[in-house]
Amino acid sequence: MAIIGFIRKRCVEGGLPVNAQVQGKPAAKRNSGIDFLRIIAMLMIVVHHLLTHGGLAFAFPQFLPSYEAALLLNAAVSCAVNCYALITGFVMSRTAFKLSRLFMLWFEALFWSVGLSAAMMAAFPGQVSWLDVALGLFPVIQKRYWYFTAYFGLYFFIPALNCLLKRMHTRTLLLTVLAAVGLFSLLPVANPMDLFGLQRGYHILWLAVLYLLGGCLREYSMALKPRPVKWALVYALCALAAWAGRLGVEKLNARGLARNLSPEFLYYYTSPAMLLAAVALVLLFARLKPQGRAARCIAAVSPLTFGVYLIHDHPQVRELLIHNRLLAYSGLPPLGLALAVAGSVAAVFGLCLAMEALRQRLFGALKLERLCVRLDGKARAWIAKWPLPAQRE
């Protein structure tokens, strides 16, 4: 109840996330539509993880309606990580670079990495060791969360990426981004091998491409005239194309054809369908303008979403609490199956939001943001002493 009251208070008062503004300066105006997409994207990530890690996506005999329905739902949510990375570029391309943001994210990842390992050790003695807890002290180098590790590395290049977005000639910038999309998304369609070592999109380089693309969408999206409903249609067509393509490849494989072609390649983050679906959602939600209490609730919940990822995709949580837990749903009738999946998603998402809200309260009481701001200032003062060449004209 305390957590519900906390979120409700933020909805009414329009509270902002702990790292939404520079100390002593007014916060930049937020795009409520993009914040709403951040929430929807994390909800989609939870659906994807419950389908795959939970085992339901692989629980049905191939080509039965239930199997095809699970694949369709997975196709609809597989663009969520791309959405999250595009949002980063969309938002941060016009935001001042602050190391304090990265420090806060690192403390958040550290808190959940160590805290959840310790909780799992207490709940499952013998399956989680003190070594697992100790390794949680190094969430980046242990790659406990692939997205956080990639984002941590990307963060140090954000000033350079923003410089490209602000200073590069518009035509050159757009051609560069289109070249990157062509090389890393379109070209692999002709040969769905990992041509450039992007590991299906689980890579810092892919996040950098999406960051630049997200920045371009913010700068030039108003030149794109279609109304939101048309972007929704583009998203739906992309999801349907990926689903139909995967089923087609699986049927070819079943007949002994195209055995070297993985049916999953259309679901990769780097696939054209998943990329275009994510772009369509960003352009759709960027045009939405929630007002009043809806906007305040979005502003309150949106900063909690990254914690949802850190909690439910923690390695021990995933292995001990989620792995194959949804297999029991496979015998349910269609309506019961849909309700069970929806209930599980809502429970995981809601519980993680409540836990993250508690974590934010704790960090607020500890005044950790103030510490991060001080560390930022000390880092800048130290870097200012480096004997670097003067800025070029």
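Residues numbered from 1 in each chain as written. Predicted model: local features only at pLDDT ≥ 70, side-chain atom pairs only at ≥ 80, totals over all residues. Heavy atoms only, no water.

Draft legend 1. Focus on the overall build of the chain. When its secondary structure is counted, the chain shows 17 helices and zero strands. At 22 Å, the chain has a C-alpha radius of gyration in line with the 21 Å of a compact globule built from 393 residues. By its C-alpha atoms, the chain is 65 × 55 × 45 Å across when sized along the principal axes. A burial count over the chain gives 47% of its 393 residues as buried. Surface exposure of the chain reaches about 19,900 Å², of which carbon and sulfur atoms provide 67%. When the 39 basic and 15 acidic side-chain charges of the chain are each reduced to a single mean position, those positions are 8 Å apart. (Helix = DSSP H or I, 4+ residues; strand = E, 2+ residues; numbered from the N terminus. Rg over C-alpha atoms; globule rule 2.2 N^0.38 Å. Buried < 20%, exposed > 50% of the residue type's maximum accessible area, 1.4 Å probe, protein only. Areas by Shrake-Rupley, 256 points an atom, 1.4 Å probe, with all protein chains shown as cover. Lys, Arg positive; Asp, Glu negative; His and termini not counted. Charge placed at Lys NZ, Arg CZ, Asp CG, Glu CD.)

Draft legend 2. Quick look at unusual backbone geometry. Although it is not a glycine, Gln-199 adopts a positive phi angle of roughly 55 degrees. In this fold, Gln-199 is placed in the loop between helix 9 (170–190) and helix 10 (204–220). Residues other than glycine seldom take positive phi values, yet Arg-200 does so here, at roughly 65 degrees.

Draft legend 3. Region of interest: helix 12 (residues 272–286). In this model helix 12 runs 21 Å from its N-terminal to its C-terminal C-alpha over 15 residues, within 8% of the 21 Å that 1.5 Å per residue would give. With 13 of its 15 residues buried, helix 12 lies for the most part within the structure. (Expected span 1.5 Å × (residues − 1).)

Draft legend 4. Examining the nonpolar core more closely. Core analysis: the biggest nonpolar cluster contains 113 residues, and Cys-79, Tyr-147 and Leu-281 have the highest contact counts within it. Counting residues per element, this core draws most heavily on helix 12, which supplies 13 residues. With residues up to four places along the chain from it excluded, the contact list for Cys-79 reads Met-44, Tyr-235, Met-274, Ala-277, Ala-278 and Leu-281. (Core = buried A, V, L, I, M, F, W, Y, C linked by side-chain atoms within 4.5 Å. Contact = heavy atoms within 4.5 Å.)

Draft legend 5. Just helix 9, in detail. In this model helix 9 runs 29 Å from its N-terminal to its C-terminal C-alpha over 21 residues, within 8% of the 30 Å that 1.5 Å per residue would give. Maximal helix bending in helix 9 amounts to about 40 degrees, located at Gly-182. Taken together, the buried residues of helix 9 touch helix 8 (158–167), helix 10 and helix 12. (Bend = angle between axes of the 7 residues up to and from the residue.)

Draft legend 6. Inspection of the packing of helix 5 (residues 99–123) against helix 15 (residues 315–322) at higher detail. Interaxial distance between helix 5 and helix 15 falls to 9 Å at its minimum, and their mutual angle equals 35 degrees. Every residue of helix 15 that contacts helix 5 at Leu-116, Ser-117 and Met-120 is listed here: Gln-316, Val-317, Leu-320 and Leu-321. Classifying every residue of the contact of helix 5 with helix 15 gives five nonpolar, two polar and no charged. (Axes fitted to C-alpha atoms, helices over the stretch in contact; angles between N-to-C directions. Nonpolar A, V, L, I, M, F, W, Y, C, P; charged D, E, K, R; others polar.)

Draft legend 7. Expanded view of the packing of aromatic side chains. For the structure shown, the criterion picks out 21 aromatic pairs. With a centroid separation of 5.1 Å and 85 degrees between ring planes, the pair formed by Trp-382 and Trp-386 is classed as edge-to-face. Accessibility expressed as a relative area gives 38% for Trp-386, which makes it partly exposed. The ring of Tyr-267 is capped by Arg-246, whose NZ or CZ atom sits 4.9 Å from the centre of that ring. (Phe/Tyr/Trp six-rings, centres within 6.5 Å; stacked < 30°, edge-to-face > 60°. Lys NZ or Arg CZ within 6 Å of the ring centre and 35° of its normal.)

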